[in-house]
Amino acid sequence: MYTELFLLAVTILTAGFFIPVVLCNRDLRIVRTLALSCTILSSVILGLVSVVILLGGDPIAFTASQPFAEFSLSFVIDRLAAFFLLIIAAVSACVALYATEYYEHLGGGSRRNLLTGCTNLFILAMVLVVASANTISFFFFWELMAASSFILVMYEYDNPETRKAGIFYFIMTQLSTLFVLFGILALAVQTGSFSLAAAGSPATPLIIVAFLSLFIGFSIKGGIIPFHKWLPYAHPASPSPVSALMSGVMLKIAVYGLVRFLMDVFSPDLWWGITILLFGSLSAVLGVIYALKEHDLKGMLAYSSIENIGIIFMGIGLYVIFSVTGFSVYATLSLLGALFHSLNHALFKSLLFLSAGSVVHATHTRDIEHMGGLARRMPWTSALFFTGSVAIAALPPLNGFASEILIYIAIFSSITEVDSLLKVLLLVCLALFALTSALSAACFVKAFGSVFLALPRSAESAGATEVSRAMLAGPGILALACIFLGLCAYQLFLLAGFSVPLPDMFLVGFLLLVMATLIAIFLYLFASRAERTSETWGCGTHFQQASAEYTGHGFSEPLDIIFSSIYRTRIKNERVFFDKKNCIFKEGTAEIRLMKVFEEYLYLPLARFGLRLSTIISRFQNGCLDTYLLYVFVTVILVFLFLGWF
Amino acid sequence: MTFDFILYLAINTIVVLATAPLFISLIKKVKAWTQGRQGPSVFQTYYTIVKLLKKEVIYAHPSSRIMRFTPLVNMAAILVAALFVPLVFVPEPVGGIGNIILFLYLLALAKFFMALAGLDAGSSFGGMGSSREMSISAIIEPTTIIVFAALAFVFKTLNIFDMFAFSAANGTVTTPILILTGISLFIILIVETSRIPVDNPETHLELTMIHEGMILEQSGRNLALMELSAAIKLTLLMALLVNLIMPFGLATTLTLAGLLIATVFFILKGVVLSGIIGLFESSMTKMRFFQLPSLFAMAFFFSTLIIIIEVFA
């Protein structure tokens, strides 16, 4: 029954790809709406199926086709896969609802049909990656996911910025595919099969190689520092629903891959866990520190995704460490934290990307310094973005807090029991984790404050109007889900069969409501009810100017200075004077440039090395027939010599 | 949820609301004395709050709903956080109330709203205040969490109720840990409640204000709520310090006599600590903003030391 439902959902998604791309590729709104309705419908079905399996239903398993004995496209949906299917379904439905309106506002005519179709293909690929039962189909759909998302990123290909982002994304994502392929092949050589089954222990060198290359492959896809550079390029360049899908869901597929391989295939060592934990902590802290400095709204959200994937990787690293050292309770706790944070991040990050899309649509800029005052002009969008900000800043009683506290509790309670050196490591990670979460609060105060509060800082911002209903409904559902998952986290875990030491957030939310009501009643009865609107206190200035407001740059300046050693700001100040004693100033240039550390010290040297290598190799290719004949002759001689010797 | 617990909720809220303004005024009084002034009455904060409640509220033109909701949310979050720190009577914890991490994040929730309200009116003072507040709170956060981890480590629990119950039953913990926890918690108290040398609660000078800058646009009943919630936050952190280090008098069973004695003891301990805070503030100058990270590093060092002592002792 559920197998058929799953197949039905897959069929509907496939139809959603073929309808706008093949069947009717004319520039008609109805076609695109139909295709996006397919997305919503199949998401609802997928959501139902996954909830049933999550709550203890039987896993689905079937084989689609088996051309050879060893090669088969077969699928299995167990609880882990069902959980990630739920993430895909929940986000896709809301994004599709939003896109019905948003895609119509894009330029590009019938190209929008391709965009709609590829959105469905992308979702389909992600669904099938998660459902894959062996490494062959996993790899096949992983590549399909990469290819379809590349088309989505390149939508506005006439923009040079987008082209650069697209190429960057393409190279990184193919590198990821390459590493995943390498890991899968290494596993196949070791175990002799492509199934997702235990590779045996203890770890042989080949298994370690397989783990490392899979880890790098998944890290590139997930945006773990130092493999993260594609995110801040690709997210701002792509249409907002695509960013929401990529950041909300695709990064989680990388998380799924890592968890699946760690749980089912490998039997990890302690140092694997420590590696994952350290990369996770590094990404979390650096991600949020870079997010603070970013003034492109969608770029900021991209860096914040890096931070959150870092937190999820921390949870996975802790899971490995605790399960290797024999603390299965804490291992479960950290894994649940990581998985729950994946779901939560999918929800609030797509909520933020979608409402950021609405803001960009209304103001025609992505620079937060040109926004401001939107809370009064776009009240609903601001409320949605606000919900997302509170959730991502991990503030109670919303869902971001519920998952982060699980990881906190795992560290806090394990710290008394693990051995001394691990204690030190956990303490360091705890401190970094706390720093991350506090910095992300600062980051979203800055984002919300600069975008929505105070006076508008540009004419576009002053003239912005609220977006239409479909563009509010999509993120609206996500916002409600954030609130629901936060308040009912404890009850939901009980329902799924896990008793976690989570504080009852429903009680806390209830107490907050009671207190607020009591205060409101007290004020109504005993305080003066008079109120008046007047000018902002400005120390006697004639009128308030938007240019005198605190900007986003200004807001993050103290943290810029404190973390200046991480940002590596380069300040250049050249002056030319008329006289010899440097008194009369003639002209000069001053420049404050943010160094892109990873790009300048890691990516560019690697790229230059590749270029140099290919220059050397290309010397052999001079296009002259004589030279090629010489190559053939030399080769033949060498073959003769070789055969003669041995 | 038992009857005792509901009674605890009521008692704790009433005690904190009643005593919080007293401690704030006491600190001001001590500071005035050290400066050779008479200073305002110790009941001045009560009068101020009553006066503010009678005044009208003035909202700035550009301000949005954030400005209207912040005082309410801020006060509600602080009051819920107040339920996490038993002042006079320690019941059995219910449903994760008393979780030390949740306590910390409820304070962060209040701070988040306050910082946004600072930006809302578009005044540069407000922006400066919230920028500095969020920066400071971000860099003190690792220290705070390590101190809390040290507490969790020493008391083997995550719940403030259990910590208090433990120290009330067993008396104070051993000396080095006591001293180090005391120092670290004291630094956190100073930072979190915007006191000298981090911030100066008395001035409205552009260069020095952080907390005052954020609430500069608040007026009337909203300002009353902001002032009261700042006072309650101070009281909570003071209670956390005194009830862990000097737990005597803390009631663990619900009797009227026990409650009265506990309340008297709590006020006495609070008065002593207010005096210490006042003297500490008077003996310091406000630090340059960018020298603060080194102060925080010191607190971080002390709290890590506690854990290292515990680990290798």
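The numbers attached to residues start from 1 for each chain and follow its sequence in the written order. Each chain takes a letter, starting from A, and each ligand takes a number, starting from 1, following the order in which they are written. Since the coordinates come from a predicted model, pLDDT governs what is reported: local features require at least 70, and pairs of side-chain atoms require 80 or more to be given and counted, while whole-chain, interface and lining totals use all residues.

Caption draft 1: Representation of the overall build of chain B. Secondary structure counts use DSSP, requiring at least four H or I residues in a row for a helix and at least two E residues in a row for a strand, with both numbered from the N terminus. The secondary structure content of chain B amounts to 11 helices and one strand. Secondary structure elements of chain B occur, N-terminal to C-terminal, as α-α-β-α-α-α-α-α-α-α-α-α. For the radius of gyration, the atom set is restricted to C-alpha positions; the globular benchmark scales as 2.2 Å times the number of residues to the power 0.38. Taking 2.2 N^0.38 as the reference for a compact globule, 313 residues should give roughly 20 Å; the C-alpha atoms of chain B span a radius of gyration of 19 Å, in line with that estimate. Each principal axis of the C-alpha atoms in chain B carries an extent, and together these give about 55 × 45 × 40 Å. Looking at chain B as a whole, 62% of its 313 residues are labelled buried. In this description, any two residues whose backbone-derived C-beta atoms lie within 7 Å of each other are considered to be in contact. Put simply, 80% of the contacts in chain B that link residues at least 6 apart link residues at least 24 apart. Residues with at least 20 other C-beta atoms within 10 Å of their own are called buried, those with 12 or fewer are called exposed, and the rest are partly exposed. The C-beta atoms themselves are positioned from the backbone.

Caption draft 2: Spatial organisation of the interface of chain B and chain A. Listed per partner, the contact involves 69 residues of chain B and 66 residues of chain A. For the side of chain B that touches chain A, the element with the most residues is helix α5 (residues 124-155) of chain B, which contributes 18 residues. Under the scheme applied, nonpolar residues are Ala, Val, Leu, Ile, Met, Phe, Trp, Tyr, Cys and Pro; charged residues are Asp, Glu, Lys and Arg; polar residues are all the others, including Gly. Class assignment for the residues of the side of chain B that touches chain A results in 44 nonpolar, 15 polar and 10 charged.

Caption draft 3: Region of the structure containing helix α15 (residues 399-414) of chain A. By definition here, a helix of n residues has an expected span of 1.5 Å times n minus one. Here α15(A) is 16 residues long and its end C-alpha atoms lie 23 Å apart, about the 22 Å a rise of 1.5 Å per residue gives. Of all 16 residues making up α15(A), 15 are buried, and the element is well covered by its neighbours.

Caption draft 4: Structural context of the domain arrangement of chain A. All names here are of chain A. The start and end points of each domain follow an automatic or database-based domain assignment. Once the domains are mapped, chain A shows domain 1 (1-199 + 220-266), domain 2 (337-523), domain 3 (564-595) and domain 4 (597-645). Here the C-alpha centroids of domain 1 and domain 2 sit 25 Å apart. Counting from both sides, the interface comprises 24 residues of domain 1 and, opposite them, 25 residues of domain 2. At the level of elements, α3 (79-105) and α9 (240-265) are the ones that each hand at least two residues to the side of domain 1 that touches domain 2. For the side of domain 1 that touches domain 2, the element with the highest residue contribution is α3, accounting for 12 residues. Residue composition of the side of domain 1 that touches domain 2, grouped by class: 16 nonpolar, six polar and two charged.

Caption draft 5: Structural context of helix α4 (residues 111-131) of chain A. Taking 1.5 Å of rise per residue, the 21 residues of α4(A) would be expected to cover 30 Å, and the 30 Å separating its terminal C-alpha atoms lies within 8% of that figure. Among the 21 residues that make up α4(A), 19 are buried, leaving the element largely enclosed by the rest of the structure.

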